[in-house]
Amino acid sequence: MAPTHVLRCCQRGLAWIPVIFIALVVCWSYYAYVVELCIFTIPSIGEKSKFVYLIFFHLSFIMFVWSYWKTIFTKPANPSKEFCLPKAEKERYEKEERPETQQEILWRAATSLPLYTRTGAGAIRYCDRCQVIKPDRCHHCSACDMCVLKMDHHCPWVNNCVGFSNYKFFILFLAYSLVYCLFIAATVLQYFIKFWTNELPDTHAKFHVLFLFFVAAMFCISILSLFSYHLWLVGKNRSTIAPVFRTGSDKNGFSLGFRKNIAQVFGDQKKYWLLPVFTSQGDGLTFPTRLVNADVEQATVTLQPEPNKSAADVPVSPLSESQNRLLSNDQHANNTGDHLANNALKSGELYHG
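Here is what the cut-offs are and how they apply
- Residues numbered from 1 in each chain as written.
- Predicted model: local features only at pLDDT ≥ 70, side-chain atom pairs only at ≥ 80, totals over all residues.
- Heavy atoms only, no water.
- UniProt positions renumbered as here; feature names shortened; annotations may be inferred.
- Helix = DSSP H or I, 4+ residues; strand = E, 2+ residues; numbered from the N terminus.
- Buried < 20%, exposed > 50% of the residue type's maximum accessible area, 1.4 Å probe, protein only.
- Contact = heavy atoms within 4.5 Å.
- Areas by Shrake-Rupley, 256 points an atom, 1.4 Å probe, with all protein chains shown as cover.
- Expected span 1.5 Å × (residues − 1).
- Patch = residues over 30% accessible without salt bridge, like charges linked within 9 Å, V, L, I, M, F, W, Y side chains within 5 Å.
- Salt bridge = Lys/Arg side-chain N within 4 Å of Asp/Glu carboxyl O.
- Axes fitted to C-alpha atoms, helices over the stretch in contact; angles between N-to-C directions.
- Parallel < 35°, antiparallel > 145°, perpendicular 65-115°, else oblique.
- Left-handed = near helix turned anticlockwise from the far one by under 90°.
- Nonpolar A, V, L, I, M, F, W, Y, C, P; charged D, E, K, R; others polar.

Looking at an unreviewed UniProt entry, the protein carries the name Palmitoyltransferase, with the source organism given as Sparus aurata. Its UniProt record, at the heading Catalytic activity (unreviewed entry), says of the protein: "L-cysteinyl-[protein] + hexadecanoyl-CoA = S-hexadecanoyl-L-cysteinyl-[protein] + CoA".

Caption draft 1: Here's a closer look at the overall build of the protein. Tallying secondary structure elements over the protein gives 10 helices and eight strands in all. Buried residues in the protein amount to 43% of all 353 residues. Across the protein, contacts joining residues at least 24 apart in sequence account for 63% of those joining residues at least 6 apart. Surface accessibility of the protein: about 20,500 Å² in total, with carbon and sulfur atoms responsible for 63%.

Caption draft 2: Focus on the UniProt feature "transmembrane region" (unreviewed entry) in the protein. As annotated in UniProt, the feature "transmembrane region" (unreviewed entry) corresponds to residues 12-31, 51-69, 169-193 and 205-229 in the numbering used here. Structurally, residues 51-69 is divided into 100% helix and 0% strand, and its ends, taken at the C-alpha atoms, are 27 Å apart. Helix makes up 100% of residues 169-193 and strand makes up 0%, while its end C-alpha atoms are separated by 35 Å.

Caption draft 3: Geometry of helix H3 (residues 50-73). With 24 residues, H3 ought to run about 34 Å at 1.5 Å a step, and its terminal C-alpha atoms sit 34 Å apart, in line with that. Here H3 has its buried residues at Lys 50, Tyr 53, Leu 54, Phe 57, Ser 60, Phe 61, Met 63, Phe 64, Ser 67, Tyr 68, Thr 71 and Ile 72. Against the buried residues of H3 lie helix H2 (17-41), strand E6 (160-162) and helix H6 (167-196).

Caption draft 4: Quick look at helix H7 (residues 205-236). Compared with an ideal rise of 1.5 Å per residue, which puts 32 residues at 46 Å, H7 spans 46 Å between its outermost C-alpha atoms and is within 8% of the ideal. Positive backbone phi, at 55°, marks Asn 237, one or two positions downstream of H7.

Caption draft 5: Layout of a nonpolar patch on the surface. A cluster of nonpolar side chains, namely Trp 16, Ile 20, Leu 24, Trp 69 and Phe 73, defines an oily patch on the protein surface of about 560 Å² accessible area. Put simply, the parts of the chain that give the nonpolar patch at least two residues each are H2 and H3. Of note, Leu 24 is situated in helix H2.

Caption draft 6: Up close: the pattern of salt bridges. One pass over the full model with this rule turns up four salt bridges. Between Glu 89 and Arg 108 there is a salt bridge, with the nearest N and O atoms lying 3.9 Å from each other. Of this pair, Glu 89 sits in helix H4 (residues 87-95) while Arg 108 sits in helix H5 (residues 99-110), placing them 19 residues apart in sequence. On the basis of relative accessibility, which here comes to 43%, the residue Arg 108 falls in the partly exposed class. The residue Asp 145 makes a salt bridge to Arg 129 at a minimum N-O spacing of 2.8 Å. Placement of Asp 145 in the loop between strand E3 (139-141) and strand E4 (146-148) and of Arg 129 in the loop between strand E1 (126-127) and strand E2 (132-133) is noted, with a sequence separation of 16 residues between them.

Caption draft 7: Inspection of the packing of H2 against H6 at higher detail. In contact at an axis separation of 12 Å, H2 and H6 are set at 45° when each is read in the N-to-C sense. Relative to H6, H2 is oriented oblique. For the pair H2 and H6, the crossing hand works out as left-handed. Counting all contacts with H2, which are made through Val 26, Ser 29, Tyr 30, Tyr 33, Leu 37 and Thr 41, the residues of H6 involved are Tyr 180, Phe 183, Ile 184, Thr 187, Val 188, Tyr 191 and Phe 195. By residue class, the composition of the contact of H2 with H6 is 10 nonpolar, three polar and no charged.

As structure tokens, then:
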């Protein structure tokens, strides 16, 4: 029996086969379009569209390859050290055999962490493989053998996990691959028809042009459905893995409204939205949630000061910026409501007086 590390290396090597396949198809499509179509086929008809075709083709090609590269080679983000158990608690957890006692250890360690999601049974989400408490929206990928922040899925076509660090790149990869295929299919169609009806001479370019149209059309159909689905997920601030909160399962628990949901992935500056550069909001460890005020256990934290320290000397673990913004907005709304109520009471007293 082969050693485990040899099997692991073979598995990693085989995982690159889909990526190599896509790379070969893209290289062939470049040759077929630029050489066989634009150089050999179009000059026999006319050069009016040749340069326009080449300019737009290379723009879509560059953006497609750039976003695909970023999606493949951007390393998935992992939980920080603060989500690891302290050494003493970790030893106790490993020695303990009773699940309820293990959960008590995890609950004590998680009190200072901004966690809102749980397992289906309501327990703290802990990865025994990575030995880390999972942050919200973090999941373990068996293919990458690591916990990935805001994991969506493991994509074999990029041989990488799609998560917080490269989700924007993945969306742009789908968008530009769709544009690339649509442009090829639309511009090749007329020459496809002419070759099919024998209006053009039967040359070596015929096979490339005919096959190029079929491949582009096939990829258009498959990419369009996937791209539409992920755009819908972005608009809802969801992933392919539904979260479970303390109050139960809620697919819309992280939804902040359409505009804010878009900004979570693409950032605040619209000028960078179409570029495969990282502009996503947050750190991947904490996320704004519309349930922050409904979650009494997390929203209200009381710290007992030590006997020799005043309350002002006790360090308080701050909420994330997004959570503070949500809390401050609600407090402002409550203060506004109280102010309006007081004015109404005063007006009533004046009226009756």
